Amino acid sequence: MVHHWPVTVCKEVEKDCRDPPDYWTIHGLWPDRAEECNGSWPFHFEEIKDLLPEMKMYWPDVIHPLNHSHFWKHEWEKHGTCAAQLDALNSQKKYFGGSLGLYEKLELNSILQKLGIKPSINYYQISDIKDALASMYGVIPKVQCLPPKQGEEVQTIGQIELCFTKDLQLRNCTEPGELGESGRAWGPGLEVCEDGPAFYPPPPQSAR
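Residues numbered from 1 in each chain as written. Predicted model: local features only at pLDDT ≥ 70, side-chain atom pairs only at ≥ 80, totals over all residues. Heavy atoms only, no water.

**Some details on the nonpolar core**
Here is step 1: Judged by nonpolar contacts, the single largest core of 44 residues is most densely connected at W72, F96 and I157.
Here is step 2: Going through the elements one at a time, α2 (52-58), α3 (68-83), α4 (92-106), α5 (108-114), α6 (126-137), β4 (142-146), β5 (155-161) and β9 (197-200) are the ones with two or more residues in this core.
Here is step 3: The residues contacting W72, other than those within four sequence positions of it, are F43, F45, I48, L52, M55, K56, W59 and F96.
Here is step 4: Counting 5 residues, the second largest nonpolar core, distinct from the first, contains V9, C10, C17 and I63. (Core = buried A, V, L, I, M, F, W, Y, C linked by side-chain atoms within 4.5 Å. Buried < 20%, exposed > 50% of the residue type's maximum accessible area, 1.4 Å probe, protein only. Helix = DSSP H or I, 4+ residues; strand = E, 2+ residues; numbered from the N terminus. Contact = heavy atoms within 4.5 Å.)

**Details of the pattern of salt bridges**
A side chain of one charge can pair with a side chain of the opposite charge if their charged atoms are brought near each other.
Here is step 1: Taken as a whole, this structure holds 4 salt bridges when the rule is applied.
Here is step 2: Between E152 and K11 there is a salt bridge, with the nearest N and O atoms lying 2.9 Å from each other. Of this pair, E152 sits in the loop between β4 and β5 while K11 sits in helix α1 (residues 6-12); the two residues are 141 residues apart in sequence, bridging distant segments of the chain.
Here is step 3: For the salt bridge of E161 with K142, the shortest nitrogen-to-oxygen distance reads 3.6 Å. Residue E161 is found in strand β5, and its partner K142 is found in strand β4; the two are separated by 19 residues along the sequence. (Salt bridge = Lys/Arg side-chain N within 4 Å of Asp/Glu carboxyl O.)

**Considerations on the state of the cysteines**
Chemically, a disulfide is nothing more than a covalent bond linking the sulfur atoms of two cysteines.
Here is step 1: Using the criterion set out here, one finds 4 disulfides in the structure.
Here is step 2: Between the sulfur atoms of C37 and its disulfide mate C82 the distance is 2.1 Å. With the S-S bond torsion at 110 degrees, the cross-link from C37 to C82 turns out right-handed. Placement of C37 in the loop between β2 (25-28) and α2 and of C82 in helix α3 is noted, with a sequence separation of 45 residues between them.
Here is step 3: Using a relative accessible area of 38% as the deciding quantity, one classes C37 as partly exposed.
Here is step 4: Under the relative-accessibility criterion, C82 is labelled buried at 8%. (Disulfide = S-S within 2.5 Å.)

**Let's talk about the environment of A198**
Here is step 1: With respect to the element layout, A198 can be found in strand β9.
Here is step 2: Distance in space between the C-alpha atoms of A198 and C145 is 8.0 Å, their sequence separation being 53 residues.
Here is step 3: Setting aside anything within four residues of it in sequence, one finds A198 in contact with Y123, Y124, I126, V154, Q155 and I157.

**Overview of α3**
Here is step 1: The axis of α3 is deflected most strongly, by about 45 degrees, at W76.
Here is step 2: Residues of α3 that are buried include every one of H68, F71, W72, E75, W76, H79, G80, T81, C82 and A83, and no others.
Here is step 3: Tucked inside the fold, the buried residues of α3 contact β1 (2-4), β2, α2 and α4. (Bend = angle between axes of the 7 residues up to and from the residue.)

**A look at the side chain of H4**
Here is step 1: The topology assignment puts H4 in strand β1.
Here is step 2: A relative accessible area of 2% places H4 in the buried class.
Here is step 3: The contact partners of H4, leaving out residues within four places of it in the chain, are V9, W24, T25, I26, H27, V62, F71, G158 and Q159.

**Concerning the layout of surface pockets**
Here is step 1: There is about 480 Å³ of room inside the largest pocket.
Here is step 2: In this structure, the largest pocket is lined by 22 residues; those nearest its centre are W30, P31, D32, F164 and T165.
Here is step 3: Where the lining of the largest pocket is concerned, the elements lending two or more residues are α3 and β6 (163-164).
Here is step 4: Its residues assigned to classes, the lining of the largest pocket comprises 14 nonpolar, 2 polar and 6 charged. (1 Å grid on protein atoms, 1.4 Å probe; cavity = no way out; pocket = protein on both sides within 12 Å on 5 of 7 lines; lining within 4 Å. Points joined across faces, edges and corners; volume = space filled by probe spheres on them. Nonpolar A, V, L, I, M, F, W, Y, C, P; charged D, E, K, R; others polar.)

**Description of the UniProt feature "active site" (unreviewed entry) in the chain**
Here is step 1: As annotated in UniProt, the feature "active site" (unreviewed entry) corresponds to H27, E75 and H79 in the numbering used here. Sequence-wise these annotated residues cover 53 residues; spatially they are packed, their C-alpha atoms never more than 11.0 Å apart.
Here is step 2: Take E75: it is sitting in helix α3.
Here is step 3: Look at E75 and you get buried, because its relative accessible area is 0%.
Here is step 4: The contacts of E75, once residues within four sequence positions are left out, are H27, G28, W30, W59, G80 and Y95.
Here is step 5: Mapped onto the fold, H79 is located in helix α3.
Here is step 6: When its relative accessible area of 8% is taken as the criterion, H79 is described as buried.
Here is step 7: In this view, H79 contacts L29, W30, P31, H74 and Y95; residues no more than four positions away in its chain are not counted. (UniProt positions renumbered as here; feature names shortened; annotations may be inferred.)

Take a look at the structure:
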């Protein structure tokens, strides 16, 4: 279950997004080892129409806010058609509705607030964030960052992933002996964060 921080999404694509959400939103629900994906299963917007209010709020297309459905179509075709191997996710309604359900159950925004991890001009240690999240969820998350660009001191936090078994029970994102994956992100820039300091950027309006 991949959450992304809209402020970093805008920075990653070097685009001035208009008023990005100031809360973590859904990037997608991504199967790790999907052998069978039905690539010919087209996205039908009508099937998720009754989910629209929640989709626009919690799964917006941060980069193209006027056309969310292009992003949802991409997520369905690339990931949903693979996740549909599971009975619990075997339709567009179940995939998007199930993802929204997991997002609401995980309550990442509230958990970060409770832990005192808020956007700040001061830096956080990645190990502190991972340890704090692990203390709340009981599993190890994966945190992805934008590497520092020229003239920047530190990496920028961009995504937080929480991993599930096929029964949709939380599990560690990296099991013993398993290599963590990196680079699977919206754009070319995100990778698993290096241990060390990181910037969790405030939304533009509160950074002025």
